[in-house]
Amino acid sequence: MPREASPSVPTPRLRADAPSPGAPRGAGLWSTLRDAVRGGEHDFTSGSIDRAIVLLAIPMVMEMLMESLFAVVDVFWVSRLGADAVAAVGLTESLLAVVYAVGMGLSVAASATVARRIGEGRPEEAAAMAGQVIALGALVSLPISAAGALLAPRLLAAMGATERVIATGAPFAAIMLLGNATILLLFVINAVFRGAGNAALSMRVLWLSNALNMALGPCFIFGLGPFPELGVAGAAVATTLGRGTGAALGLALLVRGGGRVKLRARHLVPDPRALATLLRLWASGALQAIIGTASWIGMVRIIAPFGSAALAGYTIGMRIIAFAILPAWGLGNAAATMVGQNLGAGRPERAEAAVYRAGLWNTVVLGVVGAVFLVAAGPIVGAFTGDAEVLGFGTQTLRVVACGFLFYGFGIVFTQAFNGAGDTWTPTMLNFACFWLWEIPLGWALARALGLGPLGVFIAIAVAFSTCALAGGLLFRRGAWKRRLV
């Protein structure tokens, strides 16, 4: 558990619209949006909280949209090769869920420690923490690469792949697992940029990565021009090259000193104290991601016996929801950076105000999205399926889960605020209690014991996420997160 520091000296509560020192009053929204995309160094420990949140959230939302495109682009081109190729991509993505969980844990550790050091006015220490977490990510990737090189066919078989899928997809799985370092380094480097308050740099890194992936994908899959025809393995080559180039650009920007963090070779030398802090944050952050991911598997297991139409409708509905709430995660990440930097600057009241402000914005955004889902769920799901039964279940998923959107806005922000403060165990335990001890049993009871069928699962999801938001708010108000040391 993170150690607790002595209580900070209270600072005056800041108005969310307080102007920045030296900045013109009433800076226009267009100017703020332009600055958010352009990037640059900004002081997030003073001035307008609203402006600070927008400067951070806009590039973070765009970054998440870029990350989501990797899997979409791969499936788009690979689908031309047949069902076995698509199945291979899907099964490999399931294997990579472990890599993503590791990457999320590392990114939580990187963002929290770098944000705190920047807020404290210690950029050299921020660079040292960045170097340690980058080295840790590279080290962790080695055994995963070895497993991919030696065990790719066996891993696919363990996931239930048929012989045809294994024959088609083993090269794809091997390349993706061998190149897992590119995934981890992208997670870590972009988290360093976010923690330093320069989210626009991480956005640009993913722009480059996705542009290369989209351009190279069809070339390597179908053998266009001088490129070899690699089939489904070509998608893995394109994705790995895209991510690798993005990671290389990110490292170059850090070495050059982009985003307040200037990386040097000495920062990569192992530091036991720094590594102990990072390992603690990483372990709980990764566990947090694993608990959340595994809970979805539990809900799928409950709904699967009700038939393919129910499962397909649920899958379509949840994919739409996951994409629609990306802006909410961007605002949550913005709150995490604000919390980390302002705690480092000794301004816990400003950190708290930023969280409530981001939560309010999130509630407005998700409230609008939820209203759209309630009114237009049918046409939205209809764009993905023409099957009437699947359409019915998908529509029901959207409408029921959307009923909790007003809670989700604050829930996401509270979770990321705890992470930004370095209090990673609180959201981890919240996830475990709300999703494993509450959502899964409730879903089973409503669907099976009370006979509600798939509707019971949808209700359980809405209730569990709303419960998590309320519990998170109560714990946030206690304020123990203000005294965490990282």
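Residues numbered from 1 in each chain as written. Predicted model: local features only at pLDDT ≥ 70, side-chain atom pairs only at ≥ 80, totals over all residues. Heavy atoms only, no water.

Undergrad: Quick one: what's the story with the confidence of the model for the chain, residue by residue and with numbers?
TA: Summing up the model confidence of the chain, the mean pLDDT is 87 and the portion of residues at 70 or higher is 93%. Below pLDDT 50 for its whole length, residues 1-27 participates in 45 contacts with residues either more than four positions away or in separate chains. (pLDDT = per-residue confidence, 0-100. Contact = heavy atoms within 4.5 Å.)

Undergrad: Describe in detail helix H5 (residues 163-178), supporting the description with residues and values.
TA: For H5, built from 16 residues, the straight-helix expectation of 22 Å at 1.5 Å per residue is met to within 8% by its first-to-last C-alpha distance of 22 Å. Residues of H5 that are buried in the fold lie against helix H3 (83-119), helix H4 (123-158), helix H6 (180-195) and helix H8 (232-256). (Helix = DSSP H or I, 4+ residues; strand = E, 2+ residues; numbered from the N terminus. Expected span 1.5 Å × (residues − 1).)

Undergrad: I'd like a rundown of the nonpolar core, residues and numbers included.
TA: Counting 54 residues, the largest nonpolar core has Val114, Val133, Ile134, Val192, Leu254 and Val261 as its most contacted members. Looking at this core, the element that brings in the most residues is H3, giving eleven residues. In this view, valine 133 contacts Leu106, Ala110, Val188, Val192 and Leu278; residues no more than four positions away in its chain are not counted. Ile316, Ile321, Phe373 and Leu446 belong to the second largest nonpolar core, which has 36 residues in total. (Core = buried A, V, L, I, M, F, W, Y, C linked by side-chain atoms within 4.5 Å. Buried < 20%, exposed > 50% of the residue type's maximum accessible area, 1.4 Å probe, protein only.)

Undergrad: So what about helix H9 (residues 272-303)? Which residues, and what values?
TA: In a regular helix each residue adds 1.5 Å, so 32 residues correspond to 46 Å; H9 covers 46 Å between its end C-alpha atoms and thus fits that length. A side-chain oxygen of the first residue of H9 lies 3.2 Å from the backbone nitrogen of arginine 273; this N-cap is aspartate 271. (Polar contact = N/O pair within 3.5 Å; in protein donor to acceptor, adjacent residues only side chain to side chain.)

Undergrad: Requested: an account of the packing of H3 against H9, with residues and values cited.
TA: Contact geometry for H3 and H9: axes closest at 7 Å, N-to-C directions at 135 degrees. Considered as vectors, H3 and H9 are oriented oblique to each other. Crossing handedness for the pair H3 and H9: right-handed. Across the interface between the two elements, Ala101, Val102, Met104, Gly105, Leu106, Ala109 and Thr113 from H3 touch Thr277, Leu278, Leu281, Trp282, Gly285, Ala286, Ala289 and Ile290 from H9. In terms of residue class, the contact of H3 with H9 is made up of eleven nonpolar, four polar and no charged. (Axes fitted to C-alpha atoms, helices over the stretch in contact; angles between N-to-C directions. Parallel < 35°, antiparallel > 145°, perpendicular 65-115°, else oblique. Left-handed = near helix turned anticlockwise from the far one by under 90°. Nonpolar A, V, L, I, M, F, W, Y, C, P; charged D, E, K, R; others polar.)

Undergrad: Explain the pattern of salt bridges residue by residue, including any values.
TA: For side chains of opposite charge, pairing can occur when their charged atoms come near one another. Within the structure shown, the criterion is met by eight salt bridges. Glutamate 349 is the partner of lysine 482 in a salt bridge, and the nearest nitrogen-oxygen pair spans 3.4 Å. With a gap of 133 residues between them, lysine 482 in the segment after helix H16 (454-478) and glutamate 349 in helix H12 (residues 348-382) connect regions that are remote in the sequence. Salt-bridge contacts for arginine 484 lead to aspartate 423; the nearest nitrogen and oxygen are separated by 3.8 Å. With arginine 484 in the segment after H16 and aspartate 423 in the loop between helix H14 (405-420) and helix H15 (425-449), the pair connects residues that are 61 residues apart, well separated along the chain. The burial state of arginine 484 is the same as that of aspartate 423; both residues are buried. Overlapping salt bridges bring together Arg117, Glu120 and Arg122 as one network. (Salt bridge = Lys/Arg side-chain N within 4 Å of Asp/Glu carboxyl O.)

Undergrad: Could you give an account of the packing of aromatic side chains, with specific residues and numbers?
TA: This model, assessed by the stated rule, comprises 15 aromatic pairs. Between the aromatic rings of tyrosine 356 and phenylalanine 414, the centroid separation amounts to 6.4 Å while the plane-to-plane angle is 85 degrees, which identifies the pairing as edge-to-face. Highlighted residues: tyrosine 356 in helix H12 and phenylalanine 414 in helix H14, separated in sequence by 58 residues. Taking relative accessible area as the criterion, tyrosine 356 reaches 28% and is therefore assigned partly exposed. Among the aromatic side chains, those forming a connected cluster through ring pairs are Trp296, Phe373, Phe405, Tyr408, Phe435 and Phe465. (Phe/Tyr/Trp six-rings, centres within 6.5 Å; stacked < 30°, edge-to-face > 60°.)

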